[in-house]
Amino acid sequence: LDADGLYGWKHDFLPETLSATSRDAVVIVFRAAPTWVVKMRKTAYSGAIDRLGRGLDAFVASPFVERGVHFKHVMDLRTRKYAQYLRFGRTHPNVLGARYEDLVKDPLFIFQGLKALGLDCNAGADFRRVHGYAKFGGASGTAGKYAPPANHSWSPRDWQGLVSP
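Residues numbered from 1 in each chain as written. Predicted model: local features only at pLDDT ≥ 70, side-chain atom pairs only at ≥ 80, totals over all residues. Heavy atoms only, no water.

Chemist: Before we move on, could you go through the overall build of the protein chain and cite the residues and values that matter?
Modeler: Looking only at helices and strands, the protein chain has 8 helices and 4 strands in total. Reading the protein chain from its N terminus to its C terminus gives the helix and strand order α-β-α-α-α-β-β-α-β-α-α-α. Buried residues in the protein chain amount to 32% of all 165 residues. Long-range contacts, defined as pairs at least 24 residues apart, comprise 52% of the intrachain contacts of the protein chain with a sequence gap of at least 6. Split by element, the accessible area of the protein chain, about 10,600 Å² in all, is 58% carbon and sulfur. (Helix = DSSP H or I, 4+ residues; strand = E, 2+ residues; numbered from the N terminus. Buried < 20%, exposed > 50% of the residue type's maximum accessible area, 1.4 Å probe, protein only. Contact = heavy atoms within 4.5 Å. Areas by Shrake-Rupley, 256 points an atom, 1.4 Å probe, with all protein chains shown as cover.)

Chemist: I'd love a proper account of helix H7 (residues 108-116), names of residues and values included.
Modeler: Among all positions of H7, only Leu108, Ile110 and Leu114 are buried. Within H7, the buried residues cover an arc of 160 degrees as seen down the axis, which keeps them to one side. Contacts made by the buried residues of H7 are with strand E1 (26-30), strand E4 (95-99) and helix H6 (100-105). At the exit of H7 stands Gly118, carrying a positive phi of roughly 90 degrees. (Arc of directions from axis to C-beta.)

Chemist: For the side chain of Arg78, give the residues involved together with the corresponding values.
Modeler: You can see Arg78 is positioned in helix H5 (residues 74-91). Despite its burial, Arg78 pairs with no opposite charge; the closest candidate is Glu101, at 7.4 Å N-O. Once you skip the residues sitting within four places of it in the chain, Arg78 turns out to touch Arg31, Ala32, Ala33 and Trp36. (Lys, Arg positive; Asp, Glu negative; His and termini not counted. Salt bridge = Lys/Arg side-chain N within 4 Å of Asp/Glu carboxyl O.)

Chemist: Outline the nonpolar core, listing residues and values.
Modeler: In this structure, Ile49, Phe59, Phe64 and Val74 are the most contacted members of the largest nonpolar core, which totals 26 residues. Elements with a contribution of two residues or more to this core: E1, helix H2 (33-42), helix H3 (47-50), helix H4 (56-61) and H5. Of the residues forming this core, the biggest block, 6 residues, is contributed by H5. Excluding anything up to four places from it in sequence, Val74 contacts Trp36, Ile49, Leu52, Phe59, Val60, Ser62 and Phe64. (Core = buried A, V, L, I, M, F, W, Y, C linked by side-chain atoms within 4.5 Å.)

Chemist: So what about the packing of aromatic side chains? Which residues, and what values?
Modeler: If you walk through the whole model with that rule in mind, you get 4 aromatic pairs. Each ring, one from Phe30 and one from Tyr85, has its centre 6.3 Å from the other, and the planes form 70 degrees; the classification is edge-to-face. In this pair, Phe30 is assigned in strand E1 and Tyr85 in helix H5, connecting sequence segments 55 residues apart. The exposure class of Phe30 is buried, given its relative accessible area of 15%. Classification of Tyr85 by relative accessible area gives buried; the value is 9%. What links up through ring pairs into an aromatic cluster is the set Phe30, Tyr82 and Tyr85. (Phe/Tyr/Trp six-rings, centres within 6.5 Å; stacked < 30°, edge-to-face > 60°.)

Chemist: Describe the side chain of His92, naming the residues involved and giving the relevant values.
Modeler: For His92, the position within the fold is in the loop between H5 and E4. Using a relative accessible area of 11% as the deciding quantity, one classes His92 as buried. A distance of 2.9 Å separates a polar atom in the side chain of His92 from the backbone oxygen of Leu18. (Polar contact = N/O pair within 3.5 Å; in protein donor to acceptor, adjacent residues only side chain to side chain.)

This is how it looks when you write it as structure tokens:
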């Protein structure tokens, strides 16, 4: 399945034309804001966002324009995306959501949800969990073990930028 060709870039808004009767399932992964912001600051996959302020507090509070759409700050982008994703989740039975933190702990539940939709997927005891980073050879064991970025120490300015943009 060429998901990007059918539905657009995986980090973008869902296309409003997504059919609620499609046999394709869309899994949306939600992430806690403090870790999401740090990840976005490290790698946003967006030229507009990558050019935002130097410190984390400036990063979360800076306005930007992406593909002609004005955002007050990265949390505005996140809020708009999550609102759309939640709307689709309420109106489309083929759209499932999962918290990133829950998925890391127990990935099997999402496959059970897909199976409940009638999709053919492995939700059984023979599910093989990958204990490594799947990108760049991690799933095959040919790459080094993935290590997440070091924890960010949040300053009062960082928190202020996050909660009150």
